[in-house]
Amino acid sequence: MHAAAANLMGTPRLFRSAPPTAPVIATRIDSDHAEVAAAAGGDVRAFEALYLRHAARIHGVLRRLSGHDSARAEEWTQEAFVLAWQRLSSFRGESAFATWLHRLAVNVALMSLRSTRRGDAAAVAWDDDAVENAAAVVMADHGLRLDLATAVARLPPRARAILVLHDVEGWKHEEIARELGVALGTSKAQLHRARGLLRGHLERES
Amino acid sequence: MNEFEWRKQLRDLRTDLEPPVQVWTAIVSRIERNDAEGVTASDSRRRRNSGQWARPALAVAATLVVGIGIAITLAWAPPSSPGVDVAKRADLLESTRSPTGNADANASELARNPVLAATDAELRELQEQIQRALAVQPDSARLQRMLSRTASERRRLIQYQSQLG
C-alpha cells in the first residue's frame, strides 16, 4: 500500500471537518498533485491514496444529499470515484483536486435525483425509522440536535439538495443554479421554500 | 432558535463520514473491469473530444441544410404546385439514396444551372459528412434524421430543376 494511504488508515470512522491551517492545505494540494498525476497514468495505488484522503468528505456530502439513505450514498460514492478515475486525465489543475472531486460527486447525486424524480416517485418515499436511525448514527458523536438532521433528511429531494448545498456546504446560488440547470431566482426561491419546510418540520416536532 | 443559532446548527451538520470498506472494493472492481474492456481514461477523453468537435459540426450542418432548403423554396418555388408523379418521385428517391444509381443523370441535369449545381454539391458534401458521422455513431437518431432531411432537400432540388425545364 502507498505510504500516504497507509498513514491514513488510522483515520477515525467519523470526524467533524475542522478548518485546516494554510500549511496543511498546501501539503494536501502538493500531495494530491503528485498522486493525481500518477493515478492519471494508471496507478491504482495512487488513486487509492486519493480515495482514502477524500472519501469521508465526499461520502459525507452524498449522505446528506441522499437524506441519509446509506445504500444510495454508497452507490453515489462508488459512481463518483469511478467517474473521477475515468476523467483524471482531463483534470487540468485549474482548481484544487478536492474541489473538482466534490463538484463531480455532487453532480452524480443531482443527476441521480433528477432521474429518480422523473422515473420512480416511489423510490423517494421515506422510511421514517431508517432516516432517524441513520441520522442518529451521524449526529451521535456531535451533540447536535437529532431533530434538525432528521428534518433535513425528510425534505423533498430538490429542496434538500439546495438547502444542503447552500446552508451546509456553503455553495453560492450561482454555483447551485449552474449545477442544477435552473435560473438564479429559482435557486433562491427553492432555498426559501426549503427553509420554510424545515422550520415547519421542526415546529411540529417540538 | 434565532437566525444565528439556526445557521450555525445547519453548518454543524457538515461532517465527514467514512464509507464502508466494500465501497472501495467495488470501485477497484469496476476500474479493473473497465480496463479489461479497454475503457481507459484516455479512451473516455478521446470519446469526449470527438463529441466536442462533432456537436458544433452537426449544428453547422443542420443550419446549412435548413438554410439551403429555405433558399430553394424562396428562389425557385413555382407559382402553382403541380403534383409530382409518384413513379418519378420513387426514381428520385432511389437515385438520391444510391451513390451510383442515377447520380450522373442528375448531375448533368443540375449542371445546366450553376447555382443549383453548387447547392447540390454542398448538399452532397453534407450527406457525406453525416454518413461519416453515422459510421462512428450508427444508432444516432439525430444523425439519421439529418441524413433523411439532406436527402429530401436534394430530391426537392432535382424536382425544381425538372420543373424549370
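Residues numbered from 1 in each chain as written. Chains lettered and ligands numbered in written order. Predicted model: local features only at pLDDT ≥ 70, side-chain atom pairs only at ≥ 80, totals over all residues. Heavy atoms only, no water.

(A) Here's a closer look at the packing of aromatic side chains. Under the definition given, this model contains 8 aromatic pairs over all chains. Their ring planes at 70° and their centres at 4.8 Å tell us that A:Y51 and A:F81 sit as a pair that is edge-to-face. Taken together, the residues A:Y51 in helix α3 (residues 44-65) and A:F81 in helix α4 (residues 70-87) connect sequence positions 30 residues apart. Its relative accessible area of 1% is what places A:F81 among the buried residues. By the ring-pair criterion, three or more aromatic residues cluster together here, those being A:F47, A:Y51, A:F81, A:W85 and B:W24. (Phe/Tyr/Trp six-rings, centres within 6.5 Å; stacked < 30°, edge-to-face > 60°. Helix = DSSP H or I, 4+ residues; strand = E, 2+ residues; numbered from the N terminus. Buried < 20%, exposed > 50% of the residue type's maximum accessible area, 1.4 Å probe, protein only.)

(B) Local environment of the environment of B:Q144. Residue and element names in this part refer to chain B. Tracing the backbone shows Q144 in helix α7 (residues 141-164). C-alpha of Q144 to C-alpha of Q131: the two residues are 13 residues apart in sequence and 8.8 Å apart in space. With residues up to four places along the chain from it excluded, the contact list for Q144 reads L134, P138 and D139. (Contact = heavy atoms within 4.5 Å.)

(C) Structural view of the confidence of the model for chain A. Within chain A, residue pLDDT values average 78, and 69% of them lie at 70 or more. Across residues 1-20 of chain A, where pLDDT falls below 50, the model places 37 contacts with residues more than four positions away in sequence or in other chains. (pLDDT = per-residue confidence, 0-100.)

(D) Spotlight on the packing of α3(A) against α4(A). All names here are of chain A. Between α3 and α4, the shortest axis-to-axis distance is 9 Å and the interhelical angle comes to 140°. For the element pair α3 / α4, the angle class is oblique. α3 and α4 meet at a crossing whose hand is right-handed. Facing α3, whose interface residues are V44, F47, Y51, H54, A55, I58, H59, L62, R63 and L65, α4 presents S70, A73, E74, W76, T77, F81, A84 and W85. Partitioning the contact of α3 with α4 into residue classes produces 12 nonpolar, 4 polar and 2 charged. (Axes fitted to C-alpha atoms, helices over the stretch in contact; angles between N-to-C directions. Parallel < 35°, antiparallel > 145°, perpendicular 65-115°, else oblique. Left-handed = near helix turned anticlockwise from the far one by under 90°. Nonpolar A, V, L, I, M, F, W, Y, C, P; charged D, E, K, R; others polar.)

(E) Broad picture of the nonpolar core. Among the nonpolar cores identified, the biggest contains 59 residues, and A:F47, A:L65, A:L198, B:L10 and B:I27 are the most heavily contacted of them. Considering each element in turn, this core owes the most residues, 10 residues, to helix α5 (residues 97-119) of chain A. With residues near it in sequence (within four places) discarded, B:L10 still touches A:L148, A:V152, A:L163, A:D167, A:V168 and A:L198. Formed by 5 residues, the second largest nonpolar core is a distinct cluster that contains B:I130, B:L134, B:L143 and B:L147. (Core = buried A, V, L, I, M, F, W, Y, C linked by side-chain atoms within 4.5 Å.)

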